[in-house]
Amino acid sequence: MASALFLITRHDPLLVVASLVVAVFASYVALDLARRVRVAETGLRRWWLAGGSVSLGTGIWAMHFVGMLGFDAGVPLGYAGGPTLLSWLAAIGAAAVALRIATHDRLTPWVLLGGSSSMALGICAMHYLGMAALELVPPIVWRWPVVLASVAIAWLASAAALRLFFALREQHGALRLRLQGLAAVVMGLAIGGMHYTGMAAAQLPQGTICRSVDGLSGQPLAAVVVTAALFLLAGALVLSINDAMARAREAQLARSLHRATEDLQEANETLQRRAFEDALTGLPNRALFNDRLQHAAARIARRGPTPTAVERLGVLFLDLDGFKPINDSFGHEAGDEVLRELARRLQLTLRESDTVARLGGDEFVAMVESRDAEAAAVTLAQRILDAMRQPIRVSGQDVSLSCSIGVAVFPDHEDHAPRLLARAEAAKGAAKRAGGGCCVVYEASMAGDAAEQVLLQQALRHAVARGELLLYYQPKVDARSGQVHGLEALLRWRHPERGLVSPAVFVPLAERFGLIGEIGNWVIDEACAQLARWHEQGLRCRVAINLSPYQLRNAALPERIAAALEQHRLQPSQLVCEITETAMMENLDAERSVLDQIAALGVRLSIDDFGTGYSSLAHLRNIPARQLKIDRSFVIDLTANADAQAVLEAVVGLAHALRMEVVAEGVETADQHAALVRLGCDILQGYLIARPMPAEAVPQWLEALKAGAAAAGP
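A quick note: this is a predicted structure, and the numbers were derived from the prediction, not measured. (Residues numbered from 1 in each chain as written. Predicted model: local features only at pLDDT ≥ 70, side-chain atom pairs only at ≥ 80, totals over all residues. Heavy atoms only, no water.)

### Focus on helix H11 (residues 373–388)
No. 1: Between its first and last C-alpha, H11 extends 22 Å over 16 residues, near the 22 Å set by a 1.5 Å rise per residue.
No. 2: Ala 373, Ala 377, Leu 380, Ala 381, Ile 384, Leu 385, Ala 387 and Met 388 are the residues of H11 that are buried. Seen along its axis, H11 keeps its buried residues to an arc of 160°; they face one direction.
No. 3: On its buried face, H11 is in contact with strand S7 (312–321), helix H10 (332–349), strand S9 (363–370), strand S12 (402–410) and strand S13 (439–441). (Helix = DSSP H or I, 4+ residues; strand = E, 2+ residues; numbered from the N terminus. Expected span 1.5 Å × (residues − 1). Buried < 20%, exposed > 50% of the residue type's maximum accessible area, 1.4 Å probe, protein only. Arc of directions from axis to C-beta. Contact = heavy atoms within 4.5 Å.)

Structure below.
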């Protein structure tokens, strides 16, 4: 009897199916968007969140609205625009809550409770605001137990959705896609179940009329809503898939870069072993010993005179006595065997913390660290002398040898590490003159060129004021087109009596005696001034200058460079600062801000002498450099050494992956030029291109280059 008081309602089966399809598709997109919002960078996350909320909310709302359009009450129905719009906004709000929670690291019970409750509130608001869009007279009579059931379904569906969001994070590949599809079906059916349970809660009294009958209604409108929602969801899904593919490409690039780095590391290690190991004895060679000596001296200098510090460093220079007669009598193969045996004895005599190396021929060198380094070195020298006196079997005969040993101590005899070896060698000479087979400690009277060094550094102090310094310029050209890419400014000193002095002679002096700051500032100003003069002549180019590691320790260096650029009205991109790889690594932490400030000016940074330093590959990506300059030692061996080619190929690949230009210096032959072009080097420099020249010769050289290119034709 009671049922006769209400209208009999039903649903259009076609629109019911359409609404469920939309719900399942919206759920699938929701799971994908939740993952995309989670992994997006901070700057993009808000855009994914906003766009995803609109797409997902519209999809869920479309399911409810299509389902309501399929509702047949036996009387004409229409939906008022205002409440319908509010229901759409409520759906977007529920979607935003879901996607925002998806960015959390963990789904705690409180997050699950609060999130699912907020989502359920939004979904219910969407549904019942949509029902309110039916302006019915008399109003709908609600069956509250069923209403509460629909609310419970909405809450359970929201909680399940959040659980699925987080559960699918751990899955990858095809398995994740299958599980995501299954989860989408479950979520879609849950959303549909909530909607149709809510619709079942509504009872329309007999005689009900709809005042909003002229509003939104009809199957054509449902088709438009479904189509628009599907297109919006499909667009969001396509964007999500494209983003995933882009991330996959980035991951592949990162893996390729990692492999290239590993290959380069392996090739670099192989080359370093060959470059720093004596082929005959397996001992370190001169290059490696000098490097260890400098690092040990620097470490001791940094520690200072503290009670617990290792304050002294002793160097022993060894030279065999009477080794030439062995070669003459028994042959060089026997001589090589003697050297290998002596190297073995040296290794057995020294402690693990000591270093021994072969400099070449029958000369060896050792290094010890101790508080009383002189006493430790002399004691070690005596053990070596005793070990060397033991007979060696050569071609069936016992041969006895002795050696002469010189000892020098850092910083007592020399506070500049490269000169310490020369002091020990001078002491070894004194041991030879004493008859050999003994050890002599260095004395000041043995310094043959000490006075000359003092005179040279005193003259260097006045070189800037007297106008004795000058810059030569060596062009760099594009490897393929041959066009000029820029010039490198090379420092020269025209001594009034000695003529041109090599930078290899006076730059270490300048660094040792604290003159490099003034000279470096002069180089910056002069290079910028010359650039400005060339600009006035209509010549536009880029100039590279070399920065000393000592300059990088000056926090005012970026300001100095900026002032020079401003004074001469130059663009920062016209200046390149070259810093050696070793300097980069040594200053990576302490002086990194200086490098960052220089790069921030717009000045290009270039890593010079790449391949000669240590541990550079681990930091290469963190250096603000745009150019990598391969050391000339690799270029020299390029055409004859397969290892050098492998290293160069790996360096070029790694540099290009990091968007850096590759410069090869020391190009002297056409074969080297061809090989470097084939390997992909971008810029070439060397005597084959042009020798360093005074500034006034550069315009004429450029004119000659243009004339040659014009004569060669296209």
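### So, the sheet that holds S13
No. 1: Strand order across the open sheet formed by 5 strands is S8-S9-S7-S12-S13, with mixed pairing between neighbours. The sheet terminates laterally at strand S8 (355–360) and S13, the two strands that pair on one side only. Strand-to-strand twist of the sheet, defined as the mean angle between neighbouring strand axes without regard to direction, takes the value 20°.
No. 2: Taken strand by strand, H11 contacts S7, S9, S12 and S13, and its axis lies near 170° from that of S12. (Pairing = 2+ DSSP bridges. Axes fitted to C-alpha atoms, helices over the stretch in contact; angles between N-to-C directions.)

### Some remarks on the packing of aromatic side chains
What characterises a pair of aromatic rings is the spacing of the ring centres plus the angle enclosed by the ring planes.
No. 1: Enumeration according to the criterion identifies 2 aromatic pairs in this entry.
No. 2: Their ring planes at 80° and their centres at 5.7 Å tell us that Trp 493 and Phe 506 sit as a pair that is edge-to-face. Taken as a pair, Trp 493 in strand S15 (residues 484–495) and Phe 506 in helix H14 (residues 503–512) lie far apart in primary sequence, 13 residues in all. Residue Trp 493 shares its accessibility class with Phe 506, and that shared class is buried.
No. 3: Stacked on the ring of Tyr 472, the Lys or Arg Arg 492 has its end atom at 5.7 Å from the ring centre. (Phe/Tyr/Trp six-rings, centres within 6.5 Å; stacked < 30°, edge-to-face > 60°. Lys NZ or Arg CZ within 6 Å of the ring centre and 35° of its normal.)

### Observations regarding the pairing of strand S18 (residues 575–580)
No. 1: Within S18, 5 of the 6 residues are buried, leaving the element largely enclosed by the surrounding structure.
No. 2: One ladder, built from 4 bridges, connects strand S17 (residues 543–546) with S18; its direction is parallel. When the bridges of S18 are listed, Asn 546 appears paired with Glu 578.

### Let's talk about a nonpolar patch on the surface
No. 1: Where nonpolar side chains cluster on the molecular surface, the patch consists of Trp 110, Leu 113, Trp 155 and Leu 156 and spans about 480 Å² of accessible area.
No. 2: Of all the secondary-structure elements, those providing two or more residues to the nonpolar patch are helix H4 (109–132) and helix H5 (144–167).
No. 3: Among the secondary structure elements, Leu 113 is positioned in helix H4. (Patch = residues over 30% accessible without salt bridge, like charges linked within 9 Å, V, L, I, M, F, W, Y side chains within 5 Å. Areas by Shrake-Rupley, 256 points an atom, 1.4 Å probe, with all protein chains shown as cover. Salt bridge = Lys/Arg side-chain N within 4 Å of Asp/Glu carboxyl O.)

### Thoughts on the environment of Ser 573
No. 1: Topologically, Ser 573 is positioned in the loop between helix H17 (557–567) and S18.
No. 2: The exposure class assigned to Ser 573 is partly exposed, which follows from its relative accessible area of 35%.
No. 3: A C-alpha to C-alpha distance of 8.6 Å links Ser 573 and Leu 601, two positions 28 residues apart in sequence.
No. 4: Those residues in contact with Ser 573 that sit more than four places away from it in its chain are Arg 542, Gly 602 and Arg 604.

### Notes on the pairing of strand S14 (residues 469–478)
No. 1: Burial analysis of S14 places 9 of its 10 residues in the buried class, the great majority of the element.
No. 2: Here S14 runs beside S15; their pairing, made up of 9 bridges, is antiparallel. By the bridge assignment for S15, Gln 474 is matched with Glu 488.
No. 3: The turn linking S14 back onto S15 is made up of 5 residues, and Gly 482 within it adopts a positive phi angle of 80°.
No. 4: Inspection of the sheet shows S14 paired to strand S23 (residues 693–694) by 2 bridges, in the antiparallel sense. Among the inter-strand pairings, Tyr 473 is bridged to a residue of S23, identified as Met 693.
No. 5: Of the pairings in the sheet, the one linking S14 to strand S22 (residues 683–684) comprises 2 bridges and is antiparallel in character. Residue pairing across strands places Val 477 opposite Leu 684, the latter belonging to S22.

None of this, on its own, says anything about what the molecule does.
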